[in-house]
Every structure is written in structure tokens, then in C-alpha cells.
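What follows is each chain in one-letter form.
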Amino acid sequence: MSYNLLKGKRGIIFGALDENSIAWKTAERVHEEGGIFVLSNAPIGMRMGNIDQLAAKTGSQIIPADATSEEDLQNLIEKSMEILGGKIDFVLHSIGMSVNVRKGKAYTDQKYDWTQKGTDVSAMSFHKVMQTLYKNEAMNEWGSIVALTYMAAQRVFPDYNDMADNKAYLESVARSFGYFFGRDHKVRVNTISQSPTATTAGQGVKGFDGFINYAEKMSPLGNASALDCANYTVSLFSDLTRKVTLQNLFHDGGFSNMGVSDAVMEAFEKGQDK
Ligand SMILES: NC(=O)c1ccc[n+]([C@@H]2O[C@H](COP(=O)([O-])OP(=O)(O)OC[C@H]3O[C@@H](n4cnc5c(N)ncnc54)[C@H](O)[C@@H]3O)[C@@H](O)[C@H]2O)c1
């Protein structure tokens, strides 16, 4: 269903790799709601995925950018304003990667140049994106910037590894930069703390299958899907949420406020019988 919530709005969407990506679903929904945008991903992500199909489907152009490169971001933002015909109303940062996770290094055995790389890609890149937008005065008033995060920023999920620290950093950057963006340009900045979701990045986390099922059973509404997340993001890009800023917004079917559920207790009791 479409409500034309984003008619006349222009944006940049980072991180659509394939049709499972949260950014992919968001691009589809933003398109349905009348928004126009440029798609961006790291050159390697573009080789691995099939972003061309999404671009064709949504009538969008693609501008490659490594989100850790200030030069690439400057180019992306300048070109996006040219292509879209004006300043930007919405930005989705949907980027995450840990080399330690990828290479199976435990949290207690980090290789620190990998840790730094992961922090740069997953967290500092959000600062770089916002600083480039800010310095170029590229955002329209009442614009909206959203990044995706996970609850391991607040609570321990051992296999999430150094991504937990990256997400804590990312959420802090949203608040800190959000202050300046709000004060100076009336732009809002929020993070969405999403349920585990079966994507390339999600499935890279050790024990993902058990974990997604556990979260499903713990959440009174069940896990939020990538499409649910896309819908929530559309609402945050729309004019209906203009005074929501500096927030970390849990979008997880209720998981974050649960202690235990009947379904989990039942499984545990069965386990005890064995
Ligand atoms: N999948 C989950 O369970 C889950 C849960 C909560 C939050 N998130 C977050 O959602 C966001 C999107 O991830 P996803 O689950 O859709 O997975 P995904 O693998 O589809 O997307 C991750 C994207 O990051 C891009 N990327 C990696 N390095 C980059 C760089 N240097 N520059 C630019 N882009 C780069 C990848 O190419 C890819 O498109 C991430 O921030 C992730 O941490 C995911």
C-alpha cells in the first residue's frame, strides 16, 4: 500500500547489496511512496551484489562510494544533488562489517587492525557521511537521517563480537551529530535498532539461525522483517515524525523490553526434562 508519504523528497540510500538487504527493501518502499534517490555502495559490494536491478526497478542512479573515504563521500553528495535536482531530504546509512566476525576471530582475541577497519566502516563512516552533508549544507530543513543498529550496543550478545562496540559508537554519533544538525539545520538524526534479519551481514554472525529463532520466540509480535524495517524508515523520512530526533528506536517486536516469554520458558522446561 502506498500513501505518497515521500512525494517530492530526495535522498541517498547506502547499503543495498541484494534483495535481502534492509536498504534494498527500503529503496523499494521509498520508491513506492514517491521519493527519488541515489543508490550507493562500496565498489566491492557492487561487484558482489546486484544493485543494478534495484536501480532499474526504482529508476535510480548508482554512485559507488566507500563510506570510509571522505573523497568518495564528497563526490557522492555533490553528484547526488546534481542528479536529483536539489538538496537532500533523507539519508539511510545501512552499512556494517567486522573483519574479526568475518574471519572468525573471537572477541577475546582481536586483531586490532581488523577491529579498526570494522569501526571505520560500521561507525565512523556515519560521522563521515554526516560531516560531509553538514559541511556542504546538503540537507534541506526538516530532513531526516537514519542509521541501522542492533541491541548488542546495550546488552551482551557474545557472538556479535566487536560489532557491539561499533554499534555503541554509531548510536553515540547519531546523538552527538544530531544535536548540531538539529540546532543548525533542523535536520533529525536517529538510529533504528532492528531485530535479527536474514541478510548477508546478519547471517555472517556466528549462531545466527539459533539466535533469530530465539528472538522470534521472545518477542510478543515476533521479529521485525526487513520490509517492516523499511516501512518504519519511511515513517521516519516522512513529515509525520518531524520532532523525533537523537533517538535510538527499538524496532524488534517488543524483544528489548522482554525478560522471558512463555514460548522460551516452555522450551527451557522441555530441555530440563531430558
Ligand atoms: N541483519 C541483521 O540481523 C541486522 C540487525 C540489526 C541491524 N543491522 C544493520 O543493518 C545494516 C544493513 O545490513 P543488512 O543486514 O541489510 O546486511 P547487508 O549485508 O545486506 O548490508 C550491509 C551493507 O554494507 C555495505 N558495506 C560494507 N562495507 C562498506 C563500505 N566500506 N562502504 C559502503 N558500504 C559498505 C555492504 O556492501 C552491504 O551492502 C547494517 O548496519 C547492519 O549492522 C542488521
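These figures come from a predicted structure and were not determined experimentally.

About the cut-offs
Residues numbered from 1 in each chain as written. Predicted model: local features only at pLDDT ≥ 70, side-chain atom pairs only at ≥ 80, totals over all residues. UniProt positions renumbered as here; feature names shortened; annotations may be inferred. Helix = DSSP H or I, 4+ residues; strand = E, 2+ residues; numbered from the N terminus. Contact = placed C-beta atoms within 7 Å. Buried ≥ 20, exposed ≤ 12 C-beta atoms within 10 Å, placed from the backbone. Near = placed C-beta within 6 Å. Nonpolar A, V, L, I, M, F, W, Y, C, P; charged D, E, K, R; others polar.

Draft legend 1. Representation of the UniProt feature "binding site: NAD(+)" (unreviewed entry) in the protein within the structure. In the numbering adopted here, UniProt assigns the feature "binding site: NAD(+)" (unreviewed entry) to Gly15, Ser21, Ile22, Ile95 and Lys167. Position of Ser21 among the secondary structure elements: in the loop between strand 1 (10–14) and helix 1 (22–32). The residues touching Ser21, leaving out its near neighbours within four places in the chain, are Gly15, Ala16, Ser94 and Thr199. Looking at the secondary structure, you find Ile22 in helix 1. For Ile22, a count of 26 C-beta atoms within 10 Å corresponds to the buried category. With residues up to four places along the chain from it excluded, the contact list for Ile22 reads Ser94, Leu148, Gln194, Thr197, Thr199, Ala226, Cys229 and Ala230.

Draft legend 2. Region of interest: the environment of Leu39. Turning to its location among the elements, Leu39 is positioned in strand 2 (residues 36–40). With 15 residues separating them along the chain, Leu39 and Trp24 place their C-alpha atoms 9.4 Å apart. Residues contacting Leu39, with those up to four places away along its chain left out, are Ile13, Ala16, Ala27, Ile51, Leu54, Ala55, Ser60 and Ile62.

Draft legend 3. Up close: unusual backbone geometry. Despite not being glycine, Asn161 shows a phi value in the positive range, around 60 degrees. Checked against the element boundaries, Asn161 lands in the loop between strand 5 (139–149) and helix 7 (163–185). Despite not being glycine, Leu246 has its phi angle at roughly 65 degrees, a positive value.

Draft legend 4. Seen up close, the site of the ligand. Near the ligand, the surroundings consist of 27 residues, among which Ser21, Gly45, Gly96, Ala201 and Gly202 are the closest. Breaking the shell around the ligand down by element, the ones donating at least two residues are helix 1, strand 5 and helix 8 (200–203). Per-element tally for the shell around the ligand: the top contributor is helix 8, with 3 residues. Grouping the constituent residues of the shell around the ligand by class yields 13 nonpolar, 13 polar and 1 charged.

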